[in-house]
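Okay, here's what each chain looks like letter by letter:
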Amino acid sequence: MERVEFFFDLSSPWTCLAFHNLPGVLERTGAAAIYRPILVGGVFNAVNPAVYAAREQADNRRLQHSWKVLQDWARLADVPMNFPSQWHPAKSVHAMRFAAALEDDQPALVGFARGAFASYFGRQENLDDPAVLAAVADAEGLDGAALAAAAGSDAVKARLRANTEEVVARGGYGSPTIFVDRADMYFGNDQLPLVEAALKR
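Described in the following lines is the structure provided in the data block. (Residues numbered from 1 in each chain as written. Predicted model: local features only at pLDDT ≥ 70, side-chain atom pairs only at ≥ 80, totals over all residues. Heavy atoms only, no water.)

1. Concerning the sheet that holds strand β2 (residues 33-37)
Part 1: Spatial ordering of the open sheet is given by β2-β1-β3-β4, a layout of 4 strands whose pairing is mixed. Each edge of the sheet is formed by a strand with only one pairing partner; in this case those strands are β2 and β4 (184-187). The average undirected angle you get between the axes of adjacent strands in this sheet is 20°.
Part 2: Taken together, the 4 bridges between strand β1 (residues 4-8) and strand β3 (residues 177-180) define a ladder with antiparallel strand orientation. Paired with F7 across the bridge in β3 is T177.
Part 3: Sitting on the sheet, helix α10 (residues 192-200) is in contact with β1, β3 and β4, with an inclination near 10° to β3. (Pairing = 2+ DSSP bridges. Helix = DSSP H or I, 4+ residues; strand = E, 2+ residues; numbered from the N terminus. Axes fitted to C-alpha atoms, helices over the stretch in contact; angles between N-to-C directions. Contact = heavy atoms within 4.5 Å.)

2. Here we look at the environment of A74
Part 1: Examined against the element boundaries, A74 turns out to sit in helix α4 (residues 61-77).
Part 2: Exposure remark for A74: the relative accessible area of 3% places this residue in the buried category.
Part 3: Residues A74 and P176 lie 102 residues apart in sequence; the distance between their C-alpha atoms is 16 Å.
Part 4: A74 has contacts with L17, V79 and M81, leaving out every residue within four places of it along the chain. (Buried < 20%, exposed > 50% of the residue type's maximum accessible area, 1.4 Å probe, protein only.)

Structure follows, in structure tokens:
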């Protein structure tokens, strides 16, 4: 059974870093993870609307400094981080529906997520463009056209909503939200050392 649940949205740079850093944690601890797509905008709307207000503050020192810290973390993790781009803040509903359509095939989901992160944070492509997402899927050996069709289904839309509602109900407030052994919650890339410590206890 997977000890780690990784609830994520592809539009978050901190999630991109955590996604790339988590495998090291899993390797060192012998734990397994399950990846759960969510719509982070739905989480913000439900429990963390202050995020939107902070983005509107041009003189927000904490936000400005966070861009510097983000680049520091990216260098440490050796992850390309060409961010923010012209698409920020990105709409991620199409991307997360693609991801939700792959949730039952975890290796495919991880591959697609890796490609989507490289597309948005590396090449500065539009995360909300289904054609871009289909091309990402094709590059990962998936059927982009079939995935695009699945992503538009009512079942996939319902699954993404259910995942989002679940993470909110369990106490989450953003992406990535990480659970160890179901009840032990952590948030963000910088808390991965705490996740590792919890797995080793």
